[in-house]
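In case you want the letters, here they are:
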Amino acid sequence: MSDMTWVPVANASDLAPRHVFQGRLLGQELAIWRADDGNVNVWENRCLHRGVRLSIGVNTGSELVCQYHGWRYANRNAGCTYIPAHPADAPPHTICNRTWPALEQDGLIWTHFAPVDPPRPESLGAGALALRPQPVAAAPELARAVLAGLSPEGFGPLGQDLVASGPAGRLRLMVQAADAGRAVLRGLVLSDEAPLPLLRRLSLVLRLARDEIERRAATLPVPAPIPHRSERVAPELAEMPEMVSGPARIRVRVAKKQIVGEDIVALELAGLRGTLPASQPGAHIDVALPNGLLRQYSLVNAPGETDRYVIGIKREAQSTGGSAAIHDSLAEGDLLAISEPRNNFTLRRDAEETVLIAGGIGVTPLLSMAAALRDEGLPFTLHYFAASAETLAFGERLALLGERMVPYLGLDAAQTTLALQGILKGPGADRQVYVCGPAPMLDAARATAAEAGWPEAAVHFEYFANTREIDTSSSFRIELARSALSLEVPAGRSILSVLQEAGVAPPSSCSQGACGTCMVRLLEGEPDHQDVYLTGAEKAAGEKILTCVSRAKSDRLILDL
Amino acid sequence: MSPQTQPDPFMRDQWYPVSALQDIAAGTPRVTKLFGQRVSYRREADGACSASTEDRALPVLQRYGCLWTSLGTPGELFEIPEYTEADRRNVAAGTVAVQVSAQRGIENFLDMGHFPYVHTGILGALPHTEVKEYNVEETPDGREIIATECLFYQPMASTVSTSGADVEYIYRVPHPTCSVLYKSSPLDEKRLDVIALFGQPTGEESFRGHMVLSILDDVNTDDFISYFQLHIFGQDKPILENQMPKRLPLDPRAETPIRADKTSIMYRRWLTRHGATYGVIPAQG
């Protein structure tokens with residue numbers, strides 16, 4: 001049996017709700033599990049961190065959690081969504097478990113190791129029943145040979161293709177090549193006979209076949225097991241991972257466009273091919289709009305919602321072309337380019353209590369966080385400030401939160417501050433606060449939290465824009481390692497504008513240090529970051545800068561351009 | 001993996017524990033395995049112990065509550081100075097056989113991140129999962145790895161407290177299959193309890209872990225202390241036995257390290273540098 005065809009590796013009934021089934025094919029251990037949305041996953045049975053079997057882990061219905069250190073892997077794309085040892089860090093996208101295709105047909109779960117999908121196995125027809133699998137300690141070839149010689153009563157001789165038809169109906173037996181010296185006998189039957197006695201009868205056929213196969217195997221040398229073949233992890237992961245962000249290069253289709261609040265539309269973006277990269281609560285994507293603009297939107301996705309990205313867009317009165325283009329011109333079926341999700345607003349899950357504070361459309365990343373916390377049974381409250389009940393977005397998702405969503409409607413600035421003072425009354429030990437909303441509200445929340453004595457590290461803000469004043473008073477030199485250019489950056493001008501003049505600029509978008517589009521690698525020199533895009537750790541590492549706002553503390557910077 | 005694989009010189013020329021001394025009664029010889037070889041040991045009537053393979057006598061050492069021996073020519077066994085302090089209780093807390101390489105066992109012993117998941121309610125508790133930054137370095141002579149300022153949240157930080165708090169740990173790796181950890185004593189904040197795991201590689205993919213404690217405790221019985229340690233190790237065992245591969249991979253790209261794994265990253269490099277091949281999968285090139 002080759003690994004270039006679909007092979008059954010489990011009965012559909014083996015995949016009980018919230019269970020992880022351990023399978024094996026050609027020496028490769030498989031973790032096979034069904035998510036609550038029905039999707040069947042066939043993964044390498046091994047956590048990428050320390051090699052512990054995922055089949056002893058926990059199926060949450062949307063994610064698989066490793067038993068050893070609680071690493072979480074998302075349904076469908078198998079991307080790592082959370083590393084509990086570092087609650088403040090977003091796992092890099094490249095931490096992704098190995099997956100194989102899964103097909104559910106005739107009550108069996110099938111997979112294959114071929115580079116492209118082989119033709120689907122022929123279905124035995126509606127009403128086909130899967131036989132109870134029978135493991136045998138023998139070479140798969142020997143198992144096939146013995147099965148080919150069988151002639152089960154009512155079905156007739158099986159022959160080389162292991163298929164038989166007779167008065168009792170159609171029977172197809174299969175051999176799952178678990179390893180060089182291990183196999184699983186499987187079968188499908190389509191018959192008008194009463195199922196239970198029929199299945200018992202065929203179970204006996206397989207059991208007797210097993211005895212015969214193992215009797216013959218006992219006279220032969222035991223084949224050496226097929227060695228375990230794990231893929232090596234990416235070199236950058238082996239050296240303490242840093243995140244890598246690319247330009248908008250994932251093609252998606254607008255699968256659904258829906259009004260989810262006054263002046264608010266939701267877009268569901270489905271991948272054109274393959275699975276979408278894993279995202280985490282708080283993550284955002286860059287969306288390249290048909291009119292050429294690049295805009296950032298937070299993902300609303302709950303854990304396990306991995307077959308699409310969901311974003312919410314409010315029509316801004318002073319739209320510079322982003323929200324208006326989406327509201328007015330974009331239609332279901334349109335194609336867009338987006339970036340991989342990137343997370344500057346990571347959700348720690350080691351808090352005793354989490355306080356989420358949303359203002360207006362700023363609710364989007366917090367909805368994703370709320371869903372993740374609810375999924376894990378961690379305590380939280382979502383305080384949602386909005387102009388009116390009509391402007392509360394994503395009603396269906398809010399309804400799932402029940403009383404843990406507290407709305408504050410139609411408050412003016414003074415009332416908002418008063419409400420924030422109530423919410424942020426006193427910092428508790430092990431409480432974390434996440435705030436996303438319009439700039440005045442972020443400022444009010446920041447001031448209120450500081451007054452109430454919250455430590456800075458416990459209060460997290462998501463900026464859609466960089467509201468800090470950029471200091472452009474310094475002047476310095478930049479050297480471009482690959483272009484062999486040396487340029488002067490005078491006071492009052494950005495690195496980006498100097499690069500643009502020289503014709504070697506990276507792509508750019510927001511020009512205020514918020515979106516990350518114009519990021520370049522820094523090879524030498526001490527940067528003055530000034531952006532709100534890079535994480536604290538990334539800034540400390542000093543290996544990347546945003547050319548639109550970052551400057552130099554040293555005399556010169558050497559850039560990888 | 002063939003049990004006949006020979007240990008590399010670095011692994012071979014070490015002392016290894018084969019039994020707690022208290023478990024060796026005078027008279028009948030007992031048999032165990034070291035590097036897949038049968039080793040028998042016995043206590044003579046005069047209290048002296050001996051060990052041998054089928055064809056030769058082996059060197060022996062009685063230290064830290066264990067009988068140690070070697071198939072090679074070992075140097076000095078590492079020091080645990082606290083063991084001789086007069087007011088300490090020294091307890092041989094038990095031996096557990098595990099079907100995974102001894103180095104996997106040591107790496108687990110050095111790891112704090114699994115406390116809330118594997119030792120829930122004892123050494124850690126959800127949602128307190130963070131492994132904070134800590135220091136790890138090799139001693140100047142390169143003989144030992146030391147991790148300091150390791151903090152981890154423990155739900156019952158001491159016998160007198162009812163709430164959780166960060167507990168500080170120091171880890172030493174003075175030997176390829178032995179590690180010693182220091183942890184603030186619940187009875188005397190200024191002093192440290194010592195908990196050691198001495199690994200006996202019975203094969204490439206199996207070991208026996210001997211647990212030895214040197215602690216400031218005049219309350220609990222030896223049986224209770226032993227029960228507690230066996231309970232903890234009993235929680236680790238099924239995790240360890242579900243690790244694949246069973247030997248410790250030394251290729252940096254075989255598994256995905258994070259910052260919390262600094263100590264094990266250094267341990268793996270240290271094994272590579274010393275040319276260890278037994279119980280590990282050496283890095284290629």
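In this text, all values refer to a predicted model and were calculated from it rather than measured experimentally.

About the cut-offs
- Residues numbered from 1 in each chain as written.
- Chains lettered and ligands numbered in written order.
- Predicted model: local features only at pLDDT ≥ 70, side-chain atom pairs only at ≥ 80, totals over all residues.
- Heavy atoms only, no water.
- Contact = heavy atoms within 4.5 Å.
- Buried area = accessible area lost by both parts, 1.4 Å probe.
- Salt bridge = Lys/Arg side-chain N within 4 Å of Asp/Glu carboxyl O.
- Polar contact = N/O pair within 3.5 Å; in protein donor to acceptor, adjacent residues only side chain to side chain.
- Nonpolar A, V, L, I, M, F, W, Y, C, P; charged D, E, K, R; others polar.
- Pairing = 2+ DSSP bridges.
- Helix = DSSP H or I, 4+ residues; strand = E, 2+ residues; numbered from the N terminus.
- Right-handed = clockwise from strand over helix to strand, strands pointing away.
- 1 Å grid on protein atoms, 1.4 Å probe; cavity = no way out; pocket = protein on both sides within 12 Å on 5 of 7 lines; lining within 4 Å.
- Points joined across faces, edges and corners; volume = space filled by probe spheres on them.
- Domains from an automatic or database assignment.
- Buried < 20%, exposed > 50% of the residue type's maximum accessible area, 1.4 Å probe, protein only.
- Arc of directions from axis to C-beta.

*Asks:* Can you help me understand the interface of chain A and chain B in this one?
*Replies:* Many structure descriptions define interface size as the accessible area lost when the parts assemble. Taken together, the 39 residues of chain A in the interface contact 33 residues of chain B. For the pairing of chain A and chain B, the buried interface totals around 3400 Å² over both sides, and the portion due to carbon and sulfur atoms is 52%. In terms of surface lost to chain B, no three residues of chain A exceed R50(A), Y68(A) and R232(A), which account for 22% of the buried area on that side. Across the contact surface, chain A and chain B share five salt bridges. For R50(A), the salt bridge is made with D261(B), and the minimal N-O distance between the two is 3.6 Å. For the pair chain A and chain B, the number of links is 20 residue pairs in polar contact (both at pLDDT 80 or more). Across the side of chain A that touches chain B, the residue classes break down as 19 nonpolar, eight polar and 12 charged.

*Asks:* Got a minute to help me understand the pairing of strand 25 (residues 405–409) of chain A in this structure?
*Replies:* A regular strand places its side chains on the two faces of the sheet in alternate fashion. All names here are of chain A. Across five bridges, strand 24 (residues 380–386) lies against strand 25 in parallel orientation. Paired with L382 across the two strands is M405, which belongs to strand 25. In this view, the connection linking strand 24 to its parallel neighbour strand 25 by way of helix 6 (residues 395–401) has right-handed handedness.

*Asks:* I tried to follow empty space enclosed by the protein on my own but got confused; where do I start?
*Replies:* Over the atoms a probe the size of a water molecule is rolled, and this reveals where empty space is left. According to the stated counting rule, one finds five cavities of 30 Å³ or more in the structure shown. Of the volumes computed, that of the largest cavity is approximately 150 Å³. Lining the largest cavity are 19 residues, with T81(A), S279(A), A302(A), P303(A) and G304(A) sitting closest to its centre. Taken together, the residues that form the lining of the largest cavity break down as eight nonpolar, eight polar and three charged. Each of domain 1 (7–217) and domain 2 (250–338) of chain A accounts for three or more of the residues forming the lining of the largest cavity. Taken together, R50(A), Y68(A), H69(A), E107(B), L110(B), D111(B), M112(B), Y134(B), A260(B), D261(B), T263(B) and S264(B) form the lining of the second largest cavity. Taken together, the residues of the lining of the second largest cavity sort by class into five nonpolar, three polar and four charged.

*Asks:* Can you help me understand helix 7 (residues 413–423) of chain A in this one?
*Replies:* Along an α-helix, residues three or four apart share an orientation, since each turn contains 3.6 residues. All names here are of chain A. Within helix 7, burial applies to T416, A419, L420 and I423. For helix 7, the buried positions fall inside an angular range of 100° around the axis, keeping them on one side. Of the exposed residues in helix 7, those oriented more than 90 degrees away from the buried face are A414 and L418. Elements in contact with the buried residues of helix 7: strand 23 (353–359), strand 24, strand 25, strand 26 (431–436) and helix 8 (439–451). If you check the start of helix 7, you find a side-chain oxygen 3.1 Å away from the backbone N of A414, and it comes from D412.

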